[in-house]
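# An overview of the molecular structure
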Amino acid sequence: MQELAGQKRKTLDSFFKPKKPTEKRAKAASPAAEGESRSDESQDPAETAIVRKDYPQELRLEYETIDASWLKHLEPEFSKKYFTALKAFLKQEEQAKKTIFPPAIDVYSWSRFAPFSKVRVVILGQDPYHGPGQAHGLAFSVRPGVRTPPSLVNMYKGLAVDYPGFVRPSHGYLKGWAEQGVLLLNAALTVECHKANSHANKGWEKFTDAVISAINKNRSHVVFMLWGSYAQKKGAQVNSKKHLVLKSVHPSPLSASRGFFEAGHFKMANKYLRENGQREIDWSCLPEK
């Protein structure tokens, strides 16, 4: 795990070599960054438009790693007081040499895996995994080679109820879902090593509220899976007349037995997508790389 974390830090260091901002925006990250690959659907030209030609140095991470399709919706957040305070907090954590997950280059990887117009399903989590080598920017997902977390094991069990032919993969890497338009979004996007919820109430929640709001207002027929009271409260802003809102207990071992396995959310999501002229999610598409 330590070796993997070290590799990511090196990737980040090489990615942020000093360079002059140019009019042509980078792909979203270095070749080693996650989320570079796309689905076979072509990008909407409007989504790749340049938001601005330069930017403050303190917002370099945002402007160079958030996908352009999301950046145009989220850029207004950067000038708000809460976001300025959040960035100051994160800088203090860095100066104190605290270990933060996921690696900086992956904080916004969810935006690169699932461009704005491609999002068909939203699954909300609370905060990133706080163990070494686990978090990589997608809620509930862990890197190949990392033990599948208990909540994700229960998600796989729920899938097997909905689709009896589903075979649980040997890993917990959910890139295959994300690239189909499943937005795996945590409420807080960073966490300190071994300290769950340590970055809660620092500003991330307002930012991810803006993510949800952008989908709610500018898209139609998106499926929101709200598992547990926390996700349900966060998703209360979603208009259930233009989107499908599915609610259940959380897949955590502490609550999953109280109805998660029988909720049928994965099958219900596909039925709704199909009825609204969209491609279904192939929930069994979970390549390890």
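For the protein, an unreviewed UniProt entry supplies the name Uracil-DNA glycosylase and the organism Linderina pennispora. Database annotation for the protein, UniProt heading Catalytic activity (unreviewed entry): "Hydrolyzes single-stranded DNA or mismatched double-stranded DNA and polynucleotides, releasing free uracil." The record held by UniProt for the protein lists under Sequence similarities (unreviewed entry) the comment "Belongs to the uracil-DNA glycosylase (UDG) superfamily. UNG family."

## A closer look at the packing of aromatic side chains
As enumerated under the stated definition, the model contains 19 aromatic pairs in all. Consider the rings of Trp70 and Trp110, whose centres lie 5.4 Å apart with planes at 80 degrees: the pair is edge-to-face. Linking Trp70 in helix 3 (residues 68–74) with Trp110 in helix 5 (residues 109–113), this pair joins segments that are 40 residues apart in sequence. With relative accessibility at 0%, the residue Trp70 sits in the buried group. Judged by its relative accessible area of 1%, Trp110 falls in the buried class. Ring geometry for Phe78 versus Phe83: centroids 5.2 Å apart, planes at 35 degrees, classification tilted. Of the two residues examined, Phe78 and Phe83, each falls in the buried class. Here the aromatic residues Tyr55, Tyr63, Trp70, Phe78, Tyr82, Phe83, Tyr108, Trp110, Phe116, Trp204 and Phe207 are joined through ring pairs into a cluster of three or more. A cation over a ring is seen here: Lys267 above Tyr163, with NZ or CZ 5.9 Å from the ring centre.

## Looking at the packing of helix 4 (residues 81–95) against helix 8 (residues 204–218)
Contact pair helix 4 / helix 8: the axes reach a minimum separation of 9 Å and the direction vectors enclose 130 degrees. By the angle between their directions, the pair helix 4 and helix 8 is classed as oblique. Here helix 4 and helix 8 pass one another in a crossing that is left-handed. On the side of helix 4, the interface is formed by Tyr82, Phe83, Leu86 and Leu90, while helix 8 contributes Trp204, Lys206 and Phe207. Within the contact of helix 4 with helix 8, the residues separate by chemical class into six nonpolar, no polar and one charged.

Here is what the cut-offs are and how they apply
For every chain, the first residue of the written sequence is number 1, and numbering continues from 1 along that sequence. Only residues with pLDDT of 70 or above have their local features reported here, since the model is predicted, and side-chain atom pairs are shown and tallied only from 80 upward, although totals for entire chains, interfaces and linings are computed over all residues. Water and hydrogen atoms play no part in the side-chain values, which are based on all heavy atoms of the structure. UniProt positions are given in the numbering used here, feature names are shortened, and annotations may be inferred rather than shown by experiment. Here a pair means two rings of Phe, Tyr or Trp (six-membered ring of Trp) with centres within 6.5 Å. Their orientation is stacked below 30 degrees between planes, edge-to-face above 60, and tilted elsewhere. A run of H or I in DSSP counts as a helix once it spans at least four residues, and a run of E counts as a strand once it spans at least two, with each numbered from the N terminus. Using a 1.4 Å probe on the protein chains alone, a residue whose accessible area is under 20% of its type maximum counts as buried, one over 50% counts as exposed, and one in between counts as partly exposed. Whether a charge lies above a ring is judged from NZ of Lys or CZ of Arg, which has to be within 6 Å of the ring centre and within 35 degrees of the ring normal. Working convention: axes come from line fits to C-alpha atoms, limited for helices to the stretch in contact. Angles between N-to-C directions cover 0 to 180 degrees. Orientation is classified from the angle alone, with under 35 degrees giving roughly parallel, over 145 giving roughly antiparallel, 65 to 115 giving roughly perpendicular, and any other angle giving oblique. In a left-handed crossing the near helix is turned counterclockwise from the far helix by less than a right angle, and in a right-handed crossing that turn is clockwise. Pairs of residues are marked as contacts when any of their non-hydrogen atoms sit within 4.5 Å. Think of it as three bins: nonpolar holds Ala, Val, Leu, Ile, Met, Phe, Trp, Tyr, Cys and Pro, charged holds Asp, Glu, Lys and Arg, and polar takes everything else, Gly as well.

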